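# Coordinate inspection notes
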Amino acid sequence: MLLAGALYLHGRVVGFAFATQYDYHDITQSVRVMQSGQNPYQPLDVAPGGTSTFGPTHSNYPPTAYVLLAPLPAVAAGVGDVGWIVFNELLVVAVVVVVYMGIGRPSLTEALGVAALVAAFLPVWHNLWWGQVNLVVLLLVVLAMLAHQRGLAIPGGIALGSAVAIKLAPVALIPYFLWKRNWRLAAATVVTLGIVVGVTLLVGWGPRWAQYYDFLGPSGRGTALVNNQTLNGMLLRLWRPDLNGYPIGSPPAGFVPVWYALNILVVGLMLAVLRRIRSGDPLMIWAELAVVLVVLSLVQPIAWFAHHVAAIVAIVVAVRLARQRALPAAAAAGLVVAYVLATPVAAVIGLTVGGSLGADQGHQPVLQVATSALVFGAVLAVVCLGAARLNAARAREARLLD
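What counts, and at which threshold
Residues numbered from 1 in each chain as written. Predicted model: local features only at pLDDT ≥ 70, side-chain atom pairs only at ≥ 80, totals over all residues. Heavy atoms only, no water. Helix = DSSP H or I, 4+ residues; strand = E, 2+ residues; numbered from the N terminus. Buried < 20%, exposed > 50% of the residue type's maximum accessible area, 1.4 Å probe, protein only. Contact = heavy atoms within 4.5 Å. Areas by Shrake-Rupley, 256 points an atom, 1.4 Å probe, with all protein chains shown as cover. Phe/Tyr/Trp six-rings, centres within 6.5 Å; stacked < 30°, edge-to-face > 60°. Lys NZ or Arg CZ within 6 Å of the ring centre and 35° of its normal. Core = buried A, V, L, I, M, F, W, Y, C linked by side-chain atoms within 4.5 Å. Patch = residues over 30% accessible without salt bridge, like charges linked within 9 Å, V, L, I, M, F, W, Y side chains within 5 Å. Salt bridge = Lys/Arg side-chain N within 4 Å of Asp/Glu carboxyl O. Axes fitted to C-alpha atoms, helices over the stretch in contact; angles between N-to-C directions. Parallel < 35°, antiparallel > 145°, perpendicular 65-115°, else oblique. Left-handed = near helix turned anticlockwise from the far one by under 90°. Nonpolar A, V, L, I, M, F, W, Y, C, P; charged D, E, K, R; others polar.

### Some remarks on the overall build of the chain
On a plain count of helices and strands, the chain comes out with 19 helices and 0 strands. The 402 residues of the chain split such that 54% are buried. In the chain, 77% of the contacts between residues at least 6 apart in sequence involve partners at least 24 apart. Total accessible area on the chain stands at roughly 17,000 Å², and carbon and sulfur atoms take up 69% of it.

Below, the structure written as structure tokens:
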């Protein structure tokens, strides 16, 4: 019944996606702009409230992304919007399959439960609506983890390096793999990224790197837009909800130190959780990755709902932990609350408020807090995953493997 309802909602989303996919079209046009020798990093003006000035000539993808996404215009001409939606649906399935290859095959009941939760997950919907490339990046990341788990350091590094080349955020996983003592995977990641950077230089895109660096300044200030489900967005909505264009001008005095301190606090929470759950057990290895990916989305200046799609890994891991009774009752209940905050609550508030808090809503404390429902759900999920404990027999086996 739950799966049927989730698939019905998912189908409605897919139907709506045929008329949207704005990011897919913008990215495709940006590739054409780059390939034609024009600059896709035109200087940004401060956007009016509730709007964005980003687009094909105001792109926040690095030059390396345009090497790996070079075939996109030809693909777009061949398969169009329908093909991109189907491709993203296949990516969702592939991500779940790869995680299960890492933690072991699920029972039928578990698989159906995960299918329902993933199909109804708000970030999955947003990726379909906007036609993002986040699922491509996520698949590369989980393939890197599977390669790490199976001792295939070089293929893992190639996958992770490719993910970083498309979107810079996964570069934070290099320290994670260094912590896991997989020096070869980290080195292969750097070499892969270096090769793609070298291609940008060979094709004459060297000057684009300076333009991209200048472009990062305005885009890195964040925004109070409701879609920005990061610590930055949460803090701005509480502090200055009127700064809801993208990009914004200079943030208020004192904002940056407070934001950085909040990021450090959440990263500290992540490190504490990683130390607590670390073991050689495959399930706990993937629990570690789930925690890192959830936190990585939170500490960026900008992460729309779609960017939190990496929490698919957390969903799969959480269901398996619950099935194996590796979670205290309170932690299991907390993960349910986290999912509710991240999907039905966030969806209802997002639809009610729209992209930004209006003048009549900007000073309503309850609404200012509620618009960060996904942020609170993400933090709660990290805390609850940190309570995971294997049974005694598996814990002893994991210690021998670690």
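Structure shown, so let's carry the discussion forward.
### Re the environment of Gln21
Looking at where Gln21 falls in the secondary structure, it is placed in the loop between helix 1 (2-17) and helix 2 (22-35). Between the C-alpha atom of Gln21 and that of Asp81, which follows or precedes it by 60 residues, the distance is 7.5 Å. Setting aside residues up to four positions removed in sequence, Gln21 forms contacts with Asp81, Trp84, Ile85, Leu128, Trp129, Trp130 and Gly131.

### With respect to the packing of aromatic side chains
Evaluated as defined, the whole model comprises 13 aromatic pairs. With a centroid separation of 5.9 Å and an interplanar angle of 20°, the aromatic rings of Phe121 and Tyr339 are classed as stacked. Of this pair, Phe121 sits in the loop between helix 5 (108-119) and helix 6 (122-130) while Tyr339 sits in helix 16 (residues 329-353), placing them 218 residues apart in sequence. Neither residue differs from the other here; Phe121 and Tyr339 are each classed as buried. When the ring of Trp209 is compared with that of Tyr212, the centres are 6.3 Å apart and the planes differ by 85°; the resulting orientation is edge-to-face. Of this pair, Trp209 and Tyr212 both sit in helix 11 (residues 206-219), 3 residues apart, roughly one helical turn. Taking relative accessible area as the criterion, Trp209 reaches 24% and is therefore assigned partly exposed. Each member of the aromatic cluster is reached from another via a ring pair, and the members are Tyr41, Trp209, Tyr212 and Phe215. Looking at Arg278, its charged tip hangs above the ring of Trp179, at a distance of 4.4 Å from the centre.

### A word on the nonpolar core
Leu138, Val142, Trp286, Ile312, Val313 and Leu321 are the most contacted members of the largest nonpolar core, which totals 110 residues. Counting residues per element, this core draws most heavily on helix 14 (residues 282-298), which supplies 13 residues. The residues contacting Val142, other than those within four sequence positions of it, are Val95, Val98, Val99, Trp286 and Val313. Listed in part, the 7 residues of the second largest apolar core include Leu235, Leu236, Leu243 and Trp259.

### Things to note about a nonpolar patch on the surface
Taken together, the side chains of Val82, Val86 and Leu90 define a hydrophobic patch exposed on the protein surface, amounting to about 270 Å² of accessible area. Relative to the helices and strands, Val86 is located in helix 4 (residues 72-103).

### Overview of the packing of helix 16 against helix 18 (residues 373-385)
Where helix 16 contacts helix 18, the axes come no closer than 8 Å and their chain directions differ by 160°. Judged by the angle between their axes, helix 16 and helix 18 are roughly antiparallel. Read as a crossing pair, helix 16 and helix 18 show a hand that is left-handed. In this structure, helix 16 contributes Ala331, Gly334, Leu335, Val337, Ala338, Leu341, Ala342, Val345 and Ala346 to the contact, and helix 18 contributes Ala373, Leu374, Phe376, Gly377, Leu380, Ala381, Cys384 and Leu385. Grouping the amino acids of the contact of helix 16 with helix 18 by side-chain chemistry returns 15 nonpolar, 2 polar and no charged.

### So, the pattern of salt bridges
A side chain with one charge can pair with a side chain of the opposite charge if their charged atoms come near. Counted according to the given criterion, the structure contains 4 salt bridges. Among the ionic pairs, Arg320 bridges to Glu110, the shortest N-O distance being 2.9 Å. Taken as a pair, Arg320 in helix 15 (residues 312-323) and Glu110 in helix 5 lie far apart in primary sequence, 210 residues in all. Here Arg240 and Asp242 are joined by a salt bridge, their closest N and O atoms 2.8 Å apart. Given the relative accessible area of 45%, Asp242 is considered partly exposed. Here the residues in one salt-bridge network are Glu110, Arg320 and Arg323, joined through shared partners.

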